[in-house]
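So you can see what is in the structure, the chains are spelled out below.
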Amino acid sequence: MNLLSVESLDLRFGDRNVLSGISLAVPANGLVAILGRNGVGKTTLLRTISGLYRPAAGRIAFDGESIGGLPPHKVVARGIAQAPEGRQLFADLSVEENLRAGARGMNQAAYRRERDRLRAMFPILDERSTQLAGSLSGGEQQMLCIARALMARPRLLLLDEPSLGLAPKMVARVFEKIDAIRAGGVAVLLVEQNARLALMHADHAYVLDQGRMVLEGPARALIADERVVAAYLGGA
Amino acid sequence: MFDSFVAGQLAIGASVGLTYALVAIGFTLIYRVLSAVNFAHGEVYTLGAFATLVAVTTLKAPPLAAVPLVIVVGLAAGLGIERVAFRPFRRFTDEASLKSRAVREATLLSSLALGIVGREAMDQVWHGQWLAIPQDKMLNQPVNLGGVMLSAGELAIAGLSLVLLVGLQWLLLRTRVGLEIRAVSSNLVGAQFSGIDINRVVLATFAVGSILGALAGMVVSLAYGSIQSSMGLTVVLKAFVAMVIGGLTSIPGAVVAGVLIGVAEGAASLWVASAWTEMVAYVLLIFTLIFFPRGLFRRRGA
Amino acid sequence: MNRPLPLGWLLAAVILVVVPAALWLFGSAYAARLAQLVLITALLAAALNLLIGTAGLLSLDTVVYYGFGAYLTAILSTNYGTTLPTEILAAAAAGALLGGLIGWPLVRLASIFFAVATMGLATIFHTTVLNWVDLTRGPMGYRGIPAFKLGEFTIDGWAGNYYVIAVVVLGGVWIVHRLTHSYYGNAMRAAREDEDCARAMGLSPHALKLQAYAVHASLMSVAGALYAHANNFLSPDNFVLLESGLTLTAVVVGGLGSLPGAFIGALVVVLVPELLRPLGNLRAFGFGMILFLSILFLPRGLWSEVSSLAFVRRHLFREGWLKR
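In every chain, residue numbers begin from 1 and rise along the written sequence. Each chain is given a letter, starting from A, and each ligand a number, starting from 1, according to the order in which they appear as written. Local features in this predicted model are restricted to residues of pLDDT 70 or higher, and side-chain atom pairs are both shown and tallied only at a pLDDT of 80 or more, whereas totals for entire chains, interfaces and linings draw on every residue. Note: side-chain values were computed over all heavy atoms of the structure, leaving out hydrogens and water.

Please explain the interface of chain B and chain A as it appears in this structure.
When the parts come together, some accessible area is lost, and that loss is often what is quoted as the size of the interface. Taken together, the 21 residues of chain B in the interface contact 23 residues of chain A. Here's the idea: put two parts together, see how much 1.4 Å probe accessible area each one loses, and the total over both is what we call buried area. Here chain B and chain A share an interface that buries about 2,000 Å² over both sides, 53% of which is from carbon and sulfur atoms. It is L179, F193 and S194 of chain B that lose the most area in chain B upon contact with chain A, and together they represent 32% of the buried surface on that side. Each salt bridge in this description consists of a side-chain nitrogen of Lys or Arg and a carboxyl oxygen of Asp or Glu lying within 4 Å of one another. Linking chain B with chain A are 2 salt bridges, by the criterion used here. A salt bridge links E97 of chain A to R182 of chain B, with the nearest nitrogen and oxygen atoms 2.8 Å apart. Polar contact is defined as a pair of N or O atoms within 3.5 Å, subject to the rule that within protein one atom must be able to donate a hydrogen and the other to accept it, and that residues adjacent in sequence are counted only when both atoms are side-chain atoms. Run the count over chain B and chain A and you get 12 residue pairs in polar contact (both at pLDDT 80 or more). Counting residues per element, the side of chain B that touches chain A draws most heavily on helix α7 (residues 176–186) of chain B, at 6 residues. In terms of residue class, the side of chain B that touches chain A is built from 6 nonpolar, 7 polar and 8 charged. Between two residues, a contact is recorded if the distance between any of their heavy atoms is within 4.5 Å. Numbering of helices and strands runs from the N terminus, with a helix taken as a DSSP run of H or I at least four residues long and a strand as a DSSP run of E at least two residues long. Classes in brief: Ala, Val, Leu, Ile, Met, Phe, Trp, Tyr, Cys and Pro nonpolar; Asp, Glu, Lys and Arg charged; the others, Gly included, polar.

Structural data, given as structure tokens:
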């Protein structure tokens, strides 16, 4: 059974249809990518899954239970965490405090265990633990953003443009971490501009255009698909 | 040259200033979290004073026993204000509307309106009269502090202010709810993605801020003895001024500015007729804003 | 609202013909007084509308300029026997000058700082009026202000007063209307929405806001001049912060940026508290409730430029009370 399944989701802002008839599925332990140009609704879709927007129609189910319309904090409590676009860190709080704010309902010992596990995964966060989040470099901020989301011990991690604005070397490192997270048993739903990179890491991918799903398939098939190559990979 | 009269006026000014500071702390806390001004905050202060009056007269309790009642009243008032004047404007959860100018101004006006309604309602209940705390319940024992005569009440104001200030720093820096309050005030959207329940944090903020406001009303009524339904108005305006001079989001800034205003009023009373001292805070405000358009103590990143 | 509106003519006809006729047929001195107060409040609301609705400055200093104009007129007419045109011009010019001087440092402030500073001004003004007894006669109030004089003629009786006020108020509102619906009004709205963008277009937000502030001060000062004569008596209590709140309520109820709304708002904030009078001193309570309920239930009146009339009409149509 799929961990996350979205069926015929519609979202409206006022009288404008932003998303229509979106369906997608993320299997347990899968890595699924959503591709598409700027402004086609990728970020909006992730935010809707996280509960920031209330869908007009359709069903969002996590682990077989409907989560559509739940407020964001309840979605996190169910096991879906997001490292959002623009990172949205607590800039005037320390790195450590950012991690602590991301932790949900765990005692001090569990918190330490979790934090130390993430520090092992992202050593830079250990070095910078007392520094303010706003003073980190872009790559470090992205690591902190992902680590903060993982502090909630999610079963599904939503990643919105993790490579945005990062140097190529840093991008490669972020994607190494994504593979590691997935290897650790957390399913990942990834929104990414860099389609080639995303397809190289994902098992399955969807292509979003103008608020609709226009294409889907195994990543291996899409990377060879002429239409995808022409529209999204040509220049990249 | 040490002039004990001058020193006394300044000390009284400082203790009055601390009450502005206490009210300003609640104000500032709420502003930090919601970027909104709670104009009904002064009525919480007045309610705290009336709760004290009821406790010591109707219930014949000793002054200190009024504390739990005042806390409960402050808590209820804070939660009520949030529910009635703020919650209805948080219908949408995206960042564009949560801290938008429209919502900020709507809540400013709705809390202003609620404050007027609350004040007038209290005016109806207590007939707008000045009511007195019985002499024997007041904290009016004189205390000689190195030649400066103060009353026990003025010292109590100073003591309570320090305790609450330290307590608040502890709450903000050492507890989970404090961390969440700081997280929400730092980045509201980020807080939502981190699984923080925004409504709960906002309620907690209103609860803490309003309890501080009600306690301020209690200690002032015990120190000075007289209570009236519009007493909160003057104080809340000065607290507002203190918050603005302090830079809007800085709690220590608001405290320093509150004391500054009180001392300036005390100093002014040495030279001008007391009727004119009402203006001191506002003249100070306007001069501060001319030279520091964003207040004196701006928090970084804010 | 962008048409040069027949609505404007309709409004003028109601104010200049229908209301006086009704007052003449059924009215009392009391009703005439209320009508005058509604008109003066409407001018205040229109001026405040220019500041909030167009320039985006939330201000609580109505009583400063309103009171300034009122005391200025009281002093001039009592001591020097001035006539109406002189007084209106003096109030307008002095109001604009004072507004310009005060506005210079003030309009730079960001929204909340500006609101607090204007609140401070209102309190400073009240304290000054209360305590500068030599000039304002202090808490006892300024009594025996003579009636309007036009040349040799003294205008008295409610009809004369009403018409003087109606004409001046309509003139003032017309000025606000012209300013709002001109290149100038658009420039101000642009500066309100995005200062940086306006600057990039070669507009100076500071100058625009300062001009709006001075014009609003000037109009409020004129409203004060009318009030001084209409009431014959001024007291510092007429100019407390709460009265600024009253004008703000009129603007909010009427709808931001809507001039017919200014009249509707003024009507509501003057009449509803009057209706509550038999229940005791509930005036402030009454407009507190009005302000609260209108923010809650007419939010569009608050931050979008919707004509209140259109809003009411739409609702009535939807409810099926009126046929299209």
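Which parts of the structure should I look at to understand helix α8 (residues 183–193) of chain C?
Each α-helix winds once per 3.6 residues, and so residues spaced three or four apart point in a common direction. Note on exposure labels: buried denotes an accessible area under 20% of the residue type's maximum, exposed denotes more than 50%, and partly exposed covers the range between, all computed with a 1.4 Å probe on protein chains only. All of the buried residues in α8 of chain C are G185, A187, M188, R189 and A191 of chain C. Taken together, the buried residues of α8 of chain C touch α2 (29–54), α7 (157–180), α9 (195–200) and α10 (205–231) of chain C.

Can you walk me through the environment of G225 of chain B in this structure?
Residues and elements named next belong to chain B. With respect to the element layout, G225 can be found in the loop between α9 (198–224) and β4 (226–227). It is 13 Å that separates the C-alpha atoms of G225 and Q141, two residues lying 84 residues apart in sequence. Each residue touching G225, except ones within four places of it in the same chain, is listed here: L131, A132, I133, M138 and V220.

Is there a simple way to explain the packing of aromatic side chains in this structure?
The description of two aromatic rings rests on the distance between their centres and on the angle between their planes. Two aromatic rings, drawn from Phe, Tyr or Trp (for Trp, its six-membered ring), form a pair once their centres lie within 6.5 Å of each other, and the interplanar angle then sorts them: stacked below 30 degrees, edge-to-face above 60, tilted otherwise. Tallied over the full model, the rule gives 14 aromatic pairs over all chains. Between F39 of chain B and F240 of chain B the ring centres are 5.0 Å apart and the planes differ by 85 degrees, which places this aromatic pair in the edge-to-face class. Of this pair, F39 of chain B sits in the loop between α1 (4–34) and α2 (41–56) while F240 of chain B sits in helix α10 (residues 231–245); the two residues are 201 residues apart in sequence, bridging distant segments of the chain. When sorted by exposure, F39 of chain B lands in the same class as F240 of chain B, which is buried. Aromatic ring contacts, followed pair by pair, group Y66, Y71, F125, Y142, Y227 and F239 of chain C into a single cluster. Note on criteria: charge over ring means Lys NZ or Arg CZ within 6 Å of the ring centre, with the direction from the centre no more than 35 degrees off the ring normal. We note R137 of chain C situated over the ring of Y142 of chain C; from NZ or CZ to the ring centre the distance is 3.9 Å.

Would you explain the pairing of strand β3 (residues 148–151) of chain B in this entry?
Within a regular beta strand, the side chains point alternately toward one face of the sheet and then the other, so they alternate between its two faces. Residue and element names in this part refer to chain B. Here, a strand pair is defined by DSSP locating no fewer than two bridges between the strands. Pairing of strand β2 (residues 142–145) with β3, which is carried by 4 bridges, proceeds in the antiparallel orientation. Bridge pairing links P142 to S151 in β3. Counting the residues that bridge the hairpin from β2 to β3 gives 2 residues, and of these G146 lies at a positive phi of roughly 55 degrees.

Please clarify how a nonpolar patch on the surface should be interpreted in this entry.
Residues and elements named next belong to chain B. A cluster of nonpolar side chains, V256, L260, V283, F287, F291, F292, L296 and F297, forms an exposed patch at the surface whose accessible area comes to about 730 Å². At the level of secondary structure, the elements contributing two or more residues to the nonpolar patch comprise α11 (251–271) and α13 (280–291). With 3 residues, α13 is the single largest residue contributor to the nonpolar patch. Counting through the fold element by element, L296 comes out in the segment after α13. Patch definition: residues above 30% relative accessible area lacking any salt bridge, with like charges linked at up to 9 Å and the nonpolar side chains Val, Leu, Ile, Met, Phe, Trp and Tyr linked at up to 5 Å. All accessibility values rest on the Shrake-Rupley procedure with a 1.4 Å probe; residue burial counts only the protein chains present in the view.

Teacher, can you tell me more about the nonpolar core here?
Side chains of nonpolar character tend, in soluble globular proteins, to be buried together. Membership of the largest hydrophobic core comes to 198 residues, with the highest contact counts inside it found for V37 and F240 of chain B together with Y213, L234 and F239 of chain C. Here this core takes 16 residues from α2 of chain C, the largest share from any one element. In terms of nonpolar packing, the next biggest core, distinct from the first, is built from 52 residues, M106, M143, L159 and L215 of chain A among them. Side-chain atoms within 4.5 Å link the members of a nonpolar core, which is a set of buried Ala, Val, Leu, Ile, Met, Phe, Trp, Tyr and Cys residues.

Just to check I follow, could you spell out the packing of α1 of chain B against α10 of chain B for this structure?
When two helices pack together, their arrangement is given by the angle between the helix axes and the distance between those axes. All names here are of chain B. Helix axes are fitted to C-alpha atoms over the stretch in contact, other axes to C-alpha atoms as well, and angles between N-to-C directions run from 0 to 180 degrees. Running from amino to carboxyl end, α1 crosses α10 at an angle of 60 degrees, the nearest separation of the two axes being 8 Å. Overall, the two elements α1 and α10 adopt an arrangement that is oblique. Considering the relative orientation of α1 and α10, their crossing is right-handed. Note on element contacts: α10 touches α1 through V235, V236, K238, A239, F240, A242 and M243, opposite Y20, V23, A24, F27, T28 and Y31. Angle categories are assigned with fixed cut-offs, so that under 35 degrees is roughly parallel, over 145 is roughly antiparallel, 65 to 115 is roughly perpendicular, and the rest are oblique. Definitions for this section: a left-handed crossing has its near helix turned counterclockwise from the far helix by less than a right angle. A right-handed crossing has that turn clockwise.

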